[in-house]
Amino acid sequence: MSADGHIGVYPPLAPASLWRRARHDWFPLDRPGLRLTHLGRGAVWLALEALGLGRGSRLAMPAYHCGSEVEAAHLAGVEIDFYRVDGQLRVDADDLARAAAGADAVYLISHFGFPMAEVPGDARLVIEDAAHGLFSADPAGRPLGSRGDAAVFAPRKSLGVPDGGAALVGRSHALRDVDRRPARGAMLRSAASLTAGWAALSRVPQVRRAAAGRRRHYAALLGDLAELAPEPYRSLPDGVAPLYFPALAADRDRAIVRLLERGVRALEIWPVPHPILDRRRHAELEPLRAGLLALPVHHSLADWHVERVREAARKVLLG
Ligand SMILES: Cc1ncc(COP(=O)(O)O)c(C=O)c1O
C-alpha cells in the first residue's frame, strides 16, 4: 500500500529498516567496488566513463528505453546507435548484431526484471542495465547484471526508497572517485535511502522471499491478464523476479483513472523515448509507448492486495 491507501507499483519501505543493520551478502552488494549513486542515471554515466567510453565512442542502445539511461550516455558524449526492438518488445537479434559490430560497446536493458537479450558474439564491451532487476536472475541462475563488463542498478525501484542507484564494473576497469558531489541534503537523502533500503532486505533468505513473492504475484495476474502483456511477458522464466506486470490498455489515461478508483495506482511505462531517437523509424513501438501500464506485483503485497489488483484490472482492462 502507498501512504494514500492505494496499492502502488513500488513497495513501501519495510519498518524493519528502522532497526536492522544493512548486510552485504547478496548480489550486487557482495561485490567489492560496487559504487552507490544518487540515481541509476548517474551510475550509467560512471560506468561509461570507467569503460573508457565518451566523446568519439559509439554505443549500441535499444530503441525501447526509459530515456534517462540514454540521456546519461548522451551527456557522456558517446554517439548512440539504436537497435530495433519490435512491437512485442523483443530485441531484433540481427539488428543488435549489426549495431554491435559497429560499436565500442553494447547496452542491454532488462525490461521489467526479465533477462536481457543475448550478448552478440562480437560485442567488444557489454553494459547491463539491471535497473528493473535487482532480485532477478536468468534461467541459468545468474543474477541480472552479473555478466557484462559493467552493470547499472536502480535499487530504489525494488526497495521502496526515494533515491539510490549503483554501478558495478569488472576487475579490469575502475570507477573513478567522484570529485563533484551532489548538494549535502541530496547526499544525505540518498545515503539514508540506500541504507534503509538495504537494511529492510538485508539477508539472503529475505531477498529470496521477496523474489518468490514477486513471482507468485505476477503468476496470479498472468492467469487472467496474460493476453494484455507483450508476448515475452506472458510466461515467467525460472529465476525472474518481475518489477511489475506490463499490460496494454486501449485508453491508458482512462484506465489509470478507473484503476485508481478501485484502489490500484498503475503507472505509465516509458511513454516518451529520448528525443534523439527517430520515432518514425521505430514506429512499431508507438502503441506500447501510448498504451503500456504497470500493475503492482511487489513483494510487500498481501494476497488480498493482489486479488484486488487482479479484479480491478479484469474490470478495467478486459471490460
Ligand atoms: C531501464 C532504466 N535504466 C536506468 C534508469 C535510471 O534510473 P534512475 O531513474 O534511478 O536514474 C531507469 C529509470 O529511470 C530505467 O528504467
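Each value, and the rule that gives it
- Residues numbered from 1 in each chain as written.
- Predicted model: local features only at pLDDT ≥ 70, side-chain atom pairs only at ≥ 80, totals over all residues.
- Heavy atoms only, no water.
- Near = heavy atom within 4 Å.
- Polar contact = N/O pair within 3.5 Å; in protein donor to acceptor, adjacent residues only side chain to side chain.
- Areas by Shrake-Rupley, 256 points an atom, 1.4 Å probe, with all protein chains shown as cover.
- Helix = DSSP H or I, 4+ residues; strand = E, 2+ residues; numbered from the N terminus.
- Nonpolar A, V, L, I, M, F, W, Y, C, P; charged D, E, K, R; others polar.
- Domains from an automatic or database assignment.
- Contact = heavy atoms within 4.5 Å.
- Buried area = accessible area lost by both parts, 1.4 Å probe.
- Salt bridge = Lys/Arg side-chain N within 4 Å of Asp/Glu carboxyl O.

Peer 1: I would appreciate a short explanation of the site of the ligand in the present structure.
Peer 2: Near the ligand lie 13 residues; those nearest to it are Gly40, Arg41, Asp129, Arg156 and Lys157. Asp129 has a polar side-chain atom sitting 2.6 Å from a nitrogen atom of the ligand. Contact with the protein chains hides 97% of the accessible area of the ligand, taken as 380 Å² for the molecule alone. For the shell around the ligand, the secondary structure elements donating two or more residues are α1 (40-50), α2 (68-75) and α4 (156-159). By residue class, the composition of the shell around the ligand is 5 nonpolar, 3 polar and 5 charged.

Peer 1: I tried to follow the domain arrangement of the chain on my own but got confused; where do I start?
Peer 2: Interface size is commonly expressed as the accessible surface area that is lost when the partners come together. For the chain, the assigned domains read domain 1 (16-200) and domain 2 (204-318). On a C-alpha basis, the centres of domain 1 and domain 2 stand 22 Å from each other. Across the contact, 36 residues belong to domain 1 and 37 residues belong to domain 2. With both chains or domains summed, domain 1 and domain 2 bury close to 3200 Å², and 65% of this area falls on carbon and sulfur atoms. Contact with domain 2 buries surface across domain 1, with Phe112, Phe114 and Phe135 losing the most and accounting together for 23% of the total. Here domain 1 is connected to domain 2 by 2 salt bridges. Between Glu284 and Arg84 there is a salt bridge, with its nearest N and O atoms 2.8 Å apart. Mapped by element, the contributors of at least two residues to the side of domain 1 that touches domain 2 are α2, β3 (79-83) and α4. For the side of domain 1 that touches domain 2, a count of residues per class yields 18 nonpolar, 10 polar and 8 charged.

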